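Structural description and commentary
Residue strings, one per chain:
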Amino acid sequence: MSKTKIFAAFIAIEAAVLAVLYISSANCVHCKDNEMSLKRAMVRAMRLTDAAFWTEARYTRHPSQADFFAAFQDFPSSPDHFPAGSIVPPAGQR
Amino acid sequence: MDAVIRTEGVSKVFNAGLADEVRAVTGVSIEIRRGQITVLKGPSGSGKTTLLGLIGCMARPTEGKILVEGRDVAKLPERFLTSVRRQTFGFIFQQFNLIRGMTVRENVMLPLYPTDIDGRQMVRRMEEILEKLELSSKRGVKVGKLSGGQQQRVAIARALINEPAVLLADEPTAHLDTKLSEDLLNIITTLNMDGKTIVIATHDPLIYDKPYIDNIIEMRDGTVREASLL
Amino acid sequence: MRGHGRVIEYALSTLARRKFKNFSVAAVFSFLIAVLSSILFLTHAYKTETLKLLEDSPEIILQNMSGGRHELIPVEYITTLSGIAGVGKASPRYWGYYYDSLTSANYTLMAYDENMQDIKLLQGRMPASEGECAVGKGVADIRQVGMKDDIFLTLGTEQNVTLKIVGLFSANSAILTNDLIILTKDSLIKFFNMPADMATDITIEVNNPSEVSTVARKIRRTFPNSRPILKNELIRTYDNIFNWRGGIVLTMFFGAIAAFMIFVWDKATGINAEERQEIGILKAIGWETADVLYLKFWEGAAVSLSSFFTGLILAYVHVFYFNAQFLAPVLKGWSVLFPKFEPMPYIDIYQIFVLFFLTVLPYVAASVVPSWKAAISDPDSVMR
């Protein structure tokens, strides 16, 4: 039964690792509750409306507030709603 | 005399209804008697291997009855057929049909793996059989590394592990030289003396000319040409 | 049960016998799972965090439109707005974009107001007088400045400003503050040359959140040129963005997925002569069809289950311990100011189950189904 035992042990270890990771993730989220509530307070106080992920153009910095035709404003040949996502920069930049 | 197996008008047709239809066996009625050595003799293509397969519940006949211990197996569903095969028969194939890359002991115990037998009992049986066939020293060797004669003996050991009443051998000497063939026949006669019923399909005169062969059934073109029951 | 145990054991030794083949399958499988779940983990983590944060953003943002474009809004609107039933507090926001040609990056400039007084995730303080500012981590890093350093912004000879950094937003707030420069309202108005009594937009609190759309409709009727943006529109937009973005990355890996599918298909449509022979032998020596299928099930399950778990572990470690290093370039593109990847480990069990059903089950099926045909045929084929 040796191989079965090795396999069972392997799967059990992996499952245990996953369980630990999952618990620690939940824990981490939980222990960051405080940080999260500080951030939420920040959003409230500063009246922020967008996350600062894509800052390369104004319609990407605040996607929720972009004009309906915004995609043509800053980078006319943009193949992407977020120009940065197109990997290749527009001509002339850098 | 007591018959372990009896066939009544058994036929087997491959690819029935197609252009390449083959009638391998036609209307065969024979008896295999308990405790005897029976040889199915005939040239290649005479249907002896097919008949051996039918007797051993490896395939179902197109027509006719096969009675194993008085019970017709021709119409049994596949599960029961398998269990009859497992309990009654041990097979020795022409090509040995061992699982390469696995050791002698694993190959020998393989038939018992899915059964409910106790592990220790299984190992004990395996050790006994290997002892009897002088393979004990090879138990941990991969079968691919063994000589033809040794592989043949492993195949016999595997056929014996489920303690079958009947041993079926298909051209067992096809890949062996004269010396090894004699050794094999010695093993077979020993097993016969232990009470096993043995059926050999062969066209090797070395086997069917032996005086201790009890019955010879001669086949040609899928039918029994001559049966000399002693 | 003993029998089952031995069949599993045999399945594992069968796998061990074809070490190289099965190991490479497992490696490819694990890699695929790792890539797919990295994308799912990362997107989900960011999405969850962003959506949670946006819960606290204002109920309505009111923009003024002119010629279909966003325009500055007169502050006097607030008086009228306050008269509309259901409208709570309405207050102006002053902010704008600044393109910094030095670093080819866009910053967001925002005016300080007294509500920002108690913000915690800030090292130092908020700007109190003209010539002071608080900046986000991204800005500080890209300009290579720190506390007490000066930062110079210019929009031409008339409009330029030198600001002393008195506050630094902490790194863990980068998702919100990375590109921000907070300065006093007067500095901002002067720098952007905004006309007096005009603001960038107006945020509106609504007394009863379930009446937001009614309130928005009333506002539109009052100011036909305005555009109210609702919080739930904001949230919906972000939800779409992340799904869309995750989808794009998944599409980029479509080649890998397709290759894997072809591989599974290849396995499914035919087993090789050796495997067929082996199934024949097992049947001939007394294994039942069910035993053979059980064997094949375990061969498939062992490979796919261990690969799946391995892939998940790799993905988790990659995304949450190594901050998605291999995926970051794809998400970042040529973006200059991207917040440091430190996703909060939000996990969606449902996604993992979906991934399981889409990868492990097909693989197991592809192992069992083709053997079925070989297993139900008469075993006498091994004699021929």
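Scoring rules and cut-offs
Residues numbered from 1 in each chain as written. Chains lettered and ligands numbered in written order. Predicted model: local features only at pLDDT ≥ 70, side-chain atom pairs only at ≥ 80, totals over all residues. Heavy atoms only, no water. Helix = DSSP H or I, 4+ residues; strand = E, 2+ residues; numbered from the N terminus. Rg over C-alpha atoms; globule rule 2.2 N^0.38 Å. Buried < 20%, exposed > 50% of the residue type's maximum accessible area, 1.4 Å probe, protein only. Contact = heavy atoms within 4.5 Å. Buried area = accessible area lost by both parts, 1.4 Å probe. Salt bridge = Lys/Arg side-chain N within 4 Å of Asp/Glu carboxyl O. Polar contact = N/O pair within 3.5 Å; in protein donor to acceptor, adjacent residues only side chain to side chain. Nonpolar A, V, L, I, M, F, W, Y, C, P; charged D, E, K, R; others polar. Arc of directions from axis to C-beta. Pairing = 2+ DSSP bridges. pLDDT = per-residue confidence, 0-100. Axes fitted to C-alpha atoms, helices over the stretch in contact; angles between N-to-C directions. Parallel < 35°, antiparallel > 145°, perpendicular 65-115°, else oblique. Left-handed = near helix turned anticlockwise from the far one by under 90°.

When its secondary structure is counted, chain C shows 13 helices and 14 strands. Over its C-alpha trace chain C gives a radius of gyration of 31 Å, far above what one expects of a compact globule, namely 21 Å for 384 residues. On the principal axes, the C-alpha backbone points of chain C span a range of 100 × 50 × 35 Å. The 384 residues of chain C split such that 56% are buried.

The next thing to look at is the interface of chain C and chain A. Many analyses report the size of an interface as the accessible area lost when the parts associate. Facing 87 residues of chain C, the contacting portion of chain A comprises 63 residues. Between chain C and chain A, a total of about 6,700 Å² is buried, with carbon and sulfur atoms accounting for 66% of that surface. The largest contributions to the chain C side of the interface with chain A come from Asp56(C), Leu176(C) and Trp334(C), which together make up 12% of the buried area. Between Glu49(C) and Lys39(A) there is a salt bridge, and its shortest N-O distance comes to 2.6 Å. Across the chain C-chain A interface, the total number found is 17 residue pairs in polar contact (both at pLDDT 80 or more). Sort the elements by how many residues they give to the side of chain C that touches chain A and helix H11 (residues 289-321) of chain C lands first, with 10 residues. A breakdown of the residues in the side of chain C that touches chain A according to their chemical character gives 49 nonpolar, 23 polar and 15 charged.

A word on helix H6 (residues 185-192) of chain C. Residues and elements named next belong to chain C. Here H6 has its buried residues at Ser187, Leu188, Phe191 and Phe192. Mapping the buried residues of H6 onto a view down its axis gives an arc of 110°, with all of them on the same face. Exposed and facing more than 90 degrees away from the buried side of H6 are Asp186 and Lys190. Elements that come into contact with the buried residues of H6 comprise strand S5 (95-100), strand S6 (105-111), strand S9 (150-154), strand S10 (160-169) and strand S11 (180-183). One or two steps after H6, the chain reaches Asn193, where phi turns positive at roughly 55°.

Despite not being glycine, Glu171(B) shows a phi value in the positive range, around 45°. For Glu171(B), the position within the fold is in the loop between strand S8 (166-170) and helix H6 (178-193). A residue is classified by how much of its surface remains accessible, and Glu171(B), at 7% relative accessible area, is buried. Phi at Lys148(C) takes a positive value of approximately 75°, unusual for a residue other than glycine. Relative to the helices and strands, Lys148(C) resides in the loop between helix H4 (137-143) and S9. For Lys148(C), a relative accessible area of 62% corresponds to the exposed category.

Let us now look at the environment of Asp50(A). Counting through the fold element by element, Asp50(A) comes out in the loop between helix H2 (33-46) and helix H3 (58-61). With 15 residues separating them in the primary sequence, Asp50(A) and Gln65(A) have C-alpha atoms 9.0 Å apart. Here Tyr238(C) takes part through its side chain, which lies 2.8 Å from a polar atom of the side chain of Asp50(A).

Moving on to the pairing of strand S7 (residues 89-92) of chain B. Residues and elements named next belong to chain B. In S7, alternate side chains face the same way, and those of Phe89 and Phe91 on one face and Gly90 and Ile92 on the other are all buried. Relative to S8, S7 runs parallel, the two sharing 4 bridges. Following the sheet pairing, Ile92 is matched in S8 by Ala169.

The next subject is the confidence of the model for chain C. Regions with low pLDDT should not have their predicted coordinates read in detail. Residue and element names in this part refer to chain C. Mean pLDDT over chain C stands at 88; residues scoring 70 or higher make up 98%. Within chain C, the element-level pLDDT minimum falls on helix H12 (residues 328-332), averaging 74, and the maximum on strand S8 (residues 132-135), averaging 95. Interface predicted TM-score (ipTM) for the complex: 0.90; the corresponding pTM is 0.84.

Attention shifts here to the packing of helix H5 (residues 148-160) of chain B against H6(B). A pair of packed helices can be characterised by two numbers: the angle between their axes and the separation between those axes. All names here are of chain B. Between H5 and H6, the shortest axis-to-axis distance is 10 Å and the interhelical angle comes to 15°. Classified by the interaxial angle, the pair formed by H5 and H6 is roughly parallel. The handedness of the crossing between H5 and H6 is right-handed. The segment H5 lies against H6, with Gly149, Gln152, Arg153, Ile156 and Leu160 engaging Leu180, Leu184, Ile187 and Leu191.

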